[in-house]
There are 4 protein chains.
Amino acid sequence: MEYTTKQIIVRYHETDQMHFVHHSNYLKYFELARLEWLSNLQISYAEVESRGIFMPVVNASLKYIKPLVFGDNFSVTVILKKEPTATLEFDYKILNQNKQLISTGNTLLAFLSSDTKLPIRCPKFLLEKFN
Amino acid sequence: MEYTTKQIIVRYHETDQMHFVHHSNYLKYFELARLEWLSNLQISYAEVESRGIFMPVVNASLKYIKPLVFGDNFSVTVILKKEPTATLEFDYKILNQNKQLISTGNTLLAFLSSDTKLPIRCPKFLLEKFN
Amino acid sequence: MEYTTKQIIVRYHETDQMHFVHHSNYLKYFELARLEWLSNLQISYAEVESRGIFMPVVNASLKYIKPLVFGDNFSVTVILKKEPTATLEFDYKILNQNKQLISTGNTLLAFLSSDTKLPIRCPKFLLEKFN
Amino acid sequence: MEYTTKQIIVRYHETDQMHFVHHSNYLKYFELARLEWLSNLQISYAEVESRGIFMPVVNASLKYIKPLVFGDNFSVTVILKKEPTATLEFDYKILNQNKQLISTGNTLLAFLSSDTKLPIRCPKFLLEKFN
């Protein structure tokens with residue numbers, strides 16, 4: 001299963017004085033692609049949280065292959081790596097407007113009870129959407 | 001009443017491709033000075049929120065006089081403009097390491113019940129600290 | 001003259017623990033609307049900078065009327081207040097998906113030579129686009 | 001070789017609505033520790049860039065073990081993994097005020113000519129500082 005965002009415009013404030021998009025922003029791009037995908041699967045993450053479930057990132061890795069610069073726009077492809085259990089694992093790929101590979105990445109997300117802050121299994125209503 | 005922070009180092013990611021600190025960061029600098037001051041008055045803002053009180057910014061204005069650049073460090077002076085009532089008004093002044101005036105600003109904060117999201121008056125335990 | 005962006009989705013990382021979009025992000029929203037407008041007028045701000053012209057914000061003011069929250073989407077309307085001279089003045093209005101007024105604001109931008117960092121007048125090629 | 005920062009206070013805007021510091025901020029914390037260390041070794045990164053050398057992050061990985069929350073303060077320990085060549089590799093460790101392990105991470109940095117944007121070897125004046 002995978003999902004690709006529409007073209008996203010680099011925002012000026014995301015650049016740093018190297019004239020590149022600051023590397024911390026890629027984690028934000030991964031996140032917005034992931035949540036947009038959930039939203040497309042009729043999963044509102046706002047609602048997930050209001051049901052008492054947090055989905056924090058517990059592991060992340062990123063490769064920066066080619067810099068994004070102001071004026072670029074890009075898409076993020078997000079891929080669910082395996083069936084959800086106690087964690088969700090996603091791969092990511094960022095391509096610019098010329099289909100050049102900008103970055104790849106991976107994040108592992110846990111499910112947490114927002115009350116106890118303890119790990120829980122993937123809730124049924126999420127599992128169903130993913131299947 | 002006023003308070004001045006220690007010297008704060010510009011963080012690399014706060015720069016943009018103009019080689020200046022991005023103008024949105026000054027609101028973050030004002031906020032950290034304000035909360036550090038509260039903390040110095042033995043007011044933990046974390047505790048304020050846990051008592052059900054939010055203090056959102058409802059008005060802000062900023063003058064950018066001289067850019068901050070990477071390598072600079074600066075202090076923020078925060079001044080309480082008048083006795084707290086239903087709002088708190090602060091003036092700000094940012095000076096760099098050479099005592100040059102970088103920026104001035106003003107913010108108005110409201111008190112909000114975190115339950116009802118409605119405005120409330122300045123809570124007593126805060127008033128006492130400010131007097 | 002004015003311009004309104006398409007609907008923009010609140011990004012998760014823009015929220016703070018009050019569950020509101022952090023107030024510093026509104027300056028970023030104003031900026032992206034302003035640059036998108038320039039882009040629509042066939043003015044690439046990347047190109048403006050590559051011609052040796054910076055357009056820093058020298059004054060900003062904001063009113064926060066209603067909070068934006070995660071799950072919201074919004075549009076930004078940007079209005080050029082008067083003919084460009086040595087400065088550009090814009091008004092802004094943010095509306096959410098229900099056409100509720102979220103925020104208003106104003107910024108004043110200067111033109112700077114990127115070499116000398118000194119103020120210059122609005123370059124002709126920009127003036128022509130605005131007329 | 002390693003270096004540990006002084007205690008750093010979590011800034012309010014770094015939190016998200018989970019009441020945790022947003023995970024993208026850890027890359028910023030790693031960066032500020034790295035640059036503070038260089039600065040302590042009498043290497044001004046501002047000067048490195050003005051000599052035409054960029055040091056972008058080309059690889060990053062992070063483990064989020066325990067969340068940082070508003071009210072926390074933390075230190076970052078940065079460790080140089082091996083002698084610098086065409087890349088610099090650093091490990092990181094974030095500890096909170098109670099010496100609890102918050103996060104670990106690793107970044108790989110390249111040296112780039114700011115003119116050609118092509119990789120270069122670690123410049124001598126940097127090598128000398130590291131030895």
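1. Some thoughts on the overall build of chain A
- Within chain A one finds three helices and eight strands.
- Written out in order from the N terminus, the α and β elements of chain A read β-β-α-α-β-β-β-β-β-β-α.
- Computed over the C-alpha atoms, the radius of gyration of chain A is 16 Å, within 12% of the 14 Å expected from 2.2 N^0.38 for a compact globule of 131 residues.
- Oriented by its inertia axes, the alpha-carbon framework of chain A measures out at about 45 × 25 × 20 Å.
- Looking at chain A residue by residue over its 131 residues, the buried ones come to 36%.
- For chain A, long-range pairs separated by at least 24 residues make up 67% of all intrachain contacts whose partners lie at least 6 apart in sequence.

2. Focus: the interface of chain B and chain A
- Counting residues at the interface gives nine residues for chain B, matched by nine residues for chain A.
- Split into classes, the residues belonging to the side of chain B that touches chain A amount to two nonpolar, six polar and one charged.

3. Overview of the relation of the copies chain B and chain A
- Rotating chain B by 180° and moving it 0.0 Å along the rotation axis overlays it on chain A with an RMSD of 0.0 Å. Such values leave the two copies arranged in the relation of a two-fold axis.
- Both copies present the same face, since 100% of the interface residues in chain B are matched by interface residues at the equivalent positions in chain A.

4. Focus: the relation of the copies chain A and chain D
- Superposing chain A onto chain D takes a rotation of 180° combined with a translation of 0.0 Å along the rotation axis, leaving an RMSD of 0.0 Å.
- In this assembly, 100% of the residues forming the interface of chain A have copies in chain D that are likewise at the interface, indicating an isologous arrangement.

5. A few points about the interface of chain A and chain D
- At the junction of the two partners, chain A supplies 16 residues and chain D supplies 17 residues.
- For the side of chain A that touches chain D, the elements supplying multiple residues, two or more each, are α1 (25–40) and β4 (57–64) of chain A.
- By residue number, the principal contributor to the side of chain A that touches chain D is β4(A), which donates eight residues.
- Where β4(A) meets strand β4 (residues 57–64) of chain D, five bridges bridge the pair, whose relative direction is antiparallel. Following the sheet pairing, Ser61(A) is matched in β4(D) by Ser61(D).

6. Points about α1(A)
Residue and element names in this part refer to chain A.
- Its 16 residues place the ends of α1 23 Å apart at the C-alpha level, agreeing with the 22 Å of an ideal helix rising 1.5 Å per residue.
- For α1, the buried fraction is high: twelve of the 16 residues fall into the buried class.
- All of the buried residues in α1 are Asn25, Tyr26, Leu27, Tyr29, Phe30, Glu31, Ala33, Arg34, Leu35, Glu36, Trp37 and Leu38.
- Just downstream of α1, Gln42 is the residue with a positive phi angle, here 65°.

7. Some thoughts on the environment of Asn98(A)
Residues and elements named next belong to chain A.
- Inspection of the secondary structure puts Asn98 in the loop between β6 (87–96) and β7 (101–113).
- Asn98 gets classed as exposed once you count the C-beta atoms within 10 Å, which come to 6.
- Counting along the chain gives 32 residues from Asn98 to Phe130, while the straight-line C-alpha distance between them is 31 Å.

8. Regarding the pairing of β4(D)
- Taken together, the seven bridges between β4(D) and strand β7 (residues 101–113) of chain D define a ladder with antiparallel strand orientation. Across the sheet, Tyr64(D) pairs through a bridge with Ser103(D), a residue of β7(D).

9. A short note on the pairing of strand β5 (residues 73–80) of chain D
Residues and elements named next belong to chain D.
- By the bridge criterion, three bridges tie strand β1 (residues 2–4) to β5 in an arrangement that is antiparallel. Its bridge partner being in β5, Tyr3 is matched across the sheet by Val78.
- Of the strand pairs in this sheet, β5 and strand β6 (residues 87–96) are connected by seven bridges, and their pairing is antiparallel. Along β6, the bridge assignment pairs Val78 with Tyr92.
- Connecting β5 to the next strand, β6, in antiparallel fashion are six residues.

10. Some words on unusual backbone geometry
- In this structure, Lys117(A) is a non-glycine residue whose phi angle is positive, near 60°.
- The residue Lys117(A) is located in the loop between β7 and β8 (119–120) in this model.

11. Details of the environment of Ala33(C)
Residue and element names in this part refer to chain C.
- Residue placement: Ala33 occurs in helix α1 (residues 25–40).
- Expressed as a C-alpha distance, the spacing of Ala33 and Val76, which sit 43 residues apart in the sequence, is 6.2 Å.
- Non-local contacts of Ala33, meaning those with residues more than four positions away in its chain, are made with Thr5, Val76, Val78 and Tyr92.

12. Some thoughts on the confidence of the model for chain A
Residue and element names in this part refer to chain A.
- With 100% of its residues at a pLDDT of 70 or more, chain A shows a mean pLDDT of 95.
- Here helix α3 (residues 124–130) is the element of chain A with the lowest mean pLDDT, 85, and β4 is the one with the highest, 98.
- Scoring of the predicted complex yields 0.97 for pTM and 0.96 for ipTM.

Thresholds applied
- Residues numbered from 1 in each chain as written.
- Chains lettered and ligands numbered in written order.
- Predicted model: local features only at pLDDT ≥ 70, side-chain atom pairs only at ≥ 80, totals over all residues.
- Helix = DSSP H or I, 4+ residues; strand = E, 2+ residues; numbered from the N terminus.
- Rg over C-alpha atoms; globule rule 2.2 N^0.38 Å.
- Buried ≥ 20, exposed ≤ 12 C-beta atoms within 10 Å, placed from the backbone.
- Contact = placed C-beta atoms within 7 Å.
- Nonpolar A, V, L, I, M, F, W, Y, C, P; charged D, E, K, R; others polar.
- Least-squares fit on C-alpha atoms with pLDDT ≥ 70 in both.
- Pairing = 2+ DSSP bridges.
- Expected span 1.5 Å × (residues − 1).
- pLDDT = per-residue confidence, 0-100.

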